[in-house]
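Letter by letter, the chains look like this.
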Amino acid sequence: YFRDTEVAFEAFKAYQFDHLIENTALRWATGYDEGLIESGAMKKESFEDGMPDNTQGFVMNLRRSKFTDRRVREALGLAFDFDWSNKTLAYGQYAPMGSFFSGSELAATGLPQRLELEILEKYRGQVPDEVFNKPFSPTRTDGSGNNRANLLKARQMLTAAGWEIQGGMLTNSETGEKFEFEFLLGQAGLEKWITPYLRNLERLGIKGSMRTVDSTQYVNRINAFDFDMIVGVPGQSISTGNEQREFWGSEAADRPGSRNWSGIKDAAIDAIVEGLIASATRESLVAHTRALDRVLLWNHYFVPELSVPATRHAYWNKFGRPKKIPL
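Residues numbered from 1 in each chain as written. Predicted model: local features only at pLDDT ≥ 70, side-chain atom pairs only at ≥ 80, totals over all residues. Heavy atoms only, no water.

Teacher, can you tell me more about the overall build of the chain here?
Across its full length, the chain holds 14 helices and 10 strands. Computed over the C-alpha atoms, the radius of gyration of the chain is 21 Å, within 12% of the 20 Å expected from 2.2 N^0.38 for a compact globule of 327 residues. Its C-alpha atoms give the chain principal-axis dimensions of about 65 × 50 × 40 Å. Across the 327 residues of the chain, 47% fall into the buried class. For the chain, contacts bridging at least 24 residues in sequence account for 75% of all contacts bridging at least 6. Averaging the positions of the 39 positive and the 43 negative side-chain charges in the chain gives two centres separated by 2 Å. (Helix = DSSP H or I, 4+ residues; strand = E, 2+ residues; numbered from the N terminus. Rg over C-alpha atoms; globule rule 2.2 N^0.38 Å. Buried < 20%, exposed > 50% of the residue type's maximum accessible area, 1.4 Å probe, protein only. Contact = heavy atoms within 4.5 Å. Lys, Arg positive; Asp, Glu negative; His and termini not counted. Charge placed at Lys NZ, Arg CZ, Asp CG, Glu CD.)

Would you mind showing me how to read helix H13 (residues 267–277) here?
Every α-helix winds through 3.6 residues per turn, so residues three or four apart in the chain are directed the same way. Considered for burial, the residues of H13 that qualify are Ala268, Ile269, Ile272, Val273, Gly275 and Leu276. Projected down its long axis, H13 carries its buried residues within an arc of 160°, all on one side. Considering only its buried residues, H13 is in contact with helix H6 (114–121), helix H11 (243–248) and helix H14 (282–299). Where H13 begins, the side chain of Asp266 points an oxygen toward the backbone nitrogen of Ala268, at a separation of 2.9 Å. (Arc of directions from axis to C-beta. Polar contact = N/O pair within 3.5 Å; in protein donor to acceptor, adjacent residues only side chain to side chain.)

I would appreciate a short explanation of the layout of surface pockets in the present structure.
A water-sized probe rolled over the atoms picks out the places where empty space is left. Here the second largest pocket defines a volume of roughly 380 Å³. Lining the second largest pocket are 24 residues, and of these Glu74, Leu78, Ser137, Pro138 and Thr139 sit closest to its centre. Of the residues that constitute the lining of the second largest pocket, the class distribution is 13 nonpolar, 5 polar and 6 charged. (1 Å grid on protein atoms, 1.4 Å probe; cavity = no way out; pocket = protein on both sides within 12 Å on 5 of 7 lines; lining within 4 Å. Points joined across faces, edges and corners; volume = space filled by probe spheres on them. Nonpolar A, V, L, I, M, F, W, Y, C, P; charged D, E, K, R; others polar.)

Help me understand the packing of helix H5 (residues 82–89) against helix H9 (residues 191–203) in this model?
Axes are the key here: two packed helices are described by the angle between their axes and the distance separating the axes. Contact geometry of H5 with H9 gives a least axis separation of 11 Å together with a crossing angle of 145°. The two elements H5 and H9 cross, and the hand of that crossing is right-handed. Along its contact with H5, which presents Trp84, Ser85, Asn86 and Leu89, the element H9 presents Lys192, Trp193 and Pro196. Grouping the amino acids of the contact of H5 with H9 by side-chain chemistry returns 4 nonpolar, 2 polar and 1 charged. (Axes fitted to C-alpha atoms, helices over the stretch in contact; angles between N-to-C directions. Left-handed = near helix turned anticlockwise from the far one by under 90°.)

Looking at this structure, how should I read the packing of H13 against H14?
As a packed pair, H13 and H14 sit with axes 9 Å apart at the nearest point and diverge in direction by 160°. When the interaxial angle is binned, H13 and H14 end up roughly antiparallel. Between H13 and H14 the crossing geometry is left-handed. Along its contact with H13, which presents Ile269, Ile272, Val273, Gly275 and Leu276, the element H14 presents Leu285, His288, Thr289, Ala291, Leu292, Val295, Leu296 and Asn299. Partitioned by chemical class, the residues of the contact of H13 with H14 number 9 nonpolar, 4 polar and no charged. (Parallel < 35°, antiparallel > 145°, perpendicular 65-115°, else oblique.)

Would you explain the packing of aromatic side chains in this entry?
Summed over all chains, the structure comprises 20 aromatic pairs. Between Phe58 and Tyr197 the ring centres are 5.1 Å apart and the planes differ by 40°, which places this aromatic pair in the tilted class. Of the two residues, Phe58 is situated in strand E3 (residues 54–60) and Tyr197 in helix H9; the sequence distance between them amounts to 139 residues. Accessibility expressed as a relative area gives 1% for Tyr197, which makes it buried. (Phe/Tyr/Trp six-rings, centres within 6.5 Å; stacked < 30°, edge-to-face > 60°.)

Before we go on, may I ask you to explain the nonpolar core in this structure?
The nonpolar side chains of a soluble globular protein tend to be buried with one another. If you look at the biggest cluster of nonpolar residues, it comprises 41 residues, and the most contacted ones within it are Phe100, Ile230, Trp248, Ile269, Leu292, Leu296 and Phe302. Setting aside residues up to four positions removed in sequence, Trp248 forms contacts with Phe100, Pro234, Gln236, Asn260, Ile264, Ile269, Asp270, Leu292, Leu296 and Phe302. In terms of nonpolar packing, the next biggest core, distinct from the first, is built from 37 residues, Ala79, Phe183, Leu185 and Ile194 among them. (Core = buried A, V, L, I, M, F, W, Y, C linked by side-chain atoms within 4.5 Å.)

Explain the side chain of Thr171 here, please?
Along the chain, Thr171 falls in strand E5 (residues 169–172). Within the structure, Thr171 has its side chain in polar contact with the backbone oxygen of Met169 (distance 3.0 Å).

Explain the pattern of salt bridges here, please?
Side-chain pairs of opposite charge can arise where the charged atoms are in close proximity. Considering all chains together, one arrives at 22 salt bridges under this definition. The partner of Asp18 in a salt bridge is Lys318, and the shortest N-O contact between them spans 3.0 Å. Of the two residues, Asp18 sits in the loop between helix H1 (5–13) and strand E1 (19–22) while Lys318 sits in the segment after strand E10 (311–316), which places them 300 residues apart along the sequence. In this structure Asp18 comes out as partly exposed when scored by relative accessible area, which is 29%. Of the charged contacts in the structure, one is a salt bridge between Lys207 and Glu180, with a shortest N-O distance of 4.0 Å. Of the two residues, Lys207 is situated in strand E7 (residues 207–212) and Glu180 in strand E6 (residues 180–185); the sequence distance between them amounts to 27 residues. Given a relative accessible area of 36%, Glu180 falls into the partly exposed group. In the salt-bridge network here, residues are joined through shared partners; they are Arg64, Glu182, Arg211, Arg221, Asp226 and Asp228. (Salt bridge = Lys/Arg side-chain N within 4 Å of Asp/Glu carboxyl O.)

Just to check I follow, could you spell out the sheet that holds E1 for this structure?
Each strand in a sheet pairs with another by means of backbone hydrogen bonds, the pair being arranged parallel or else antiparallel. One open sheet holds the 3 strands; their spatial order is E1-E10-E2, and the pairing between them is antiparallel. Sheet topology places E1 and strand E2 (42–47) at the edges, where each strand pairs with a single neighbour. This sheet shows a mean twist of 20° between the axes of neighbouring strands, independent of strand direction. Contacts between H1 and the sheet are confined to E1, E2 and E10, with E1 contributing the most and set at about 145° to the helix. (Pairing = 2+ DSSP bridges.)

Explain unusual backbone geometry to me, please; I cannot follow it from the model alone.
Note: most peptide bonds trans; most residues except glycine with negative phi. Positive phi outside glycine occurs at Tyr91, with the angle close to 55°. Structurally, the position occupied by Tyr91 is in the loop between H5 and H6. Residue class for Tyr91 comes out partly exposed when judged on its relative accessible area of 48%. A positive phi angle, near 55°, is found at Phe225, a position not held by glycine.

Following this line, the structure appears as structure tokens:
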């Protein structure tokens, strides 16, 4: 097992091991020897497997006052141009993040129905109204790099939340706080995704910066919740359970080292998670997970970045596999 994916890739090419799961779009598109693939010596395959996709988003730390207003968080999401980034940086290999459980039956789609609606009705007035009347859809653009329409919507939301331009900087009209934040990164390779996002935020008067640190410092700061914004990948399984407390639960929000990076404290989310854990049937588990997904999405705790719709496998041609991939 290699923590450094570039080291793993070089070892794979040198026949040091047989099978590599690729996690870099650029390397998948350009890094493999096409001659080896054409000769049949090496195989490159990507396929869906029914498991929740790996999703990735920009996590806002609600322990910082500037991120506590849901309108502000939604506005920050409007500033990210997925379509341009996917086309320019990832050769179109990714999908927009429209769920924390994309690619599986656990993902919330359309409007809530039947048991899911019954679960959510218990918390009407405690969860965003859109949960009941509007399917969640991530922000899209035409991919040209012109994100003006979404930025205008974002500006209206920020104004409604009490932020206005003063001296060229977005400023809280009540407190006088300038909207500045730092993006904490543990991998330099993520900088290319963050830089265009910060440029869009600058057009809103928001001053964002990046700090890339070594792995030890990164882990220590994440564990202590000492960050404004990070890139988060909340890995999910096909059978959700008590790990959801660790991701979203109020108790985890104040416990150093938990994976509730956002610092979410929400009684409705806590109750849905407990109902999920106590589910006695698959139907109940799926309905509770979809309800949780929907509430998380509409609270805009993450700026939706991307979803990886297929697993990318490279391997030396010494194996067979079933034509039908099992779940």
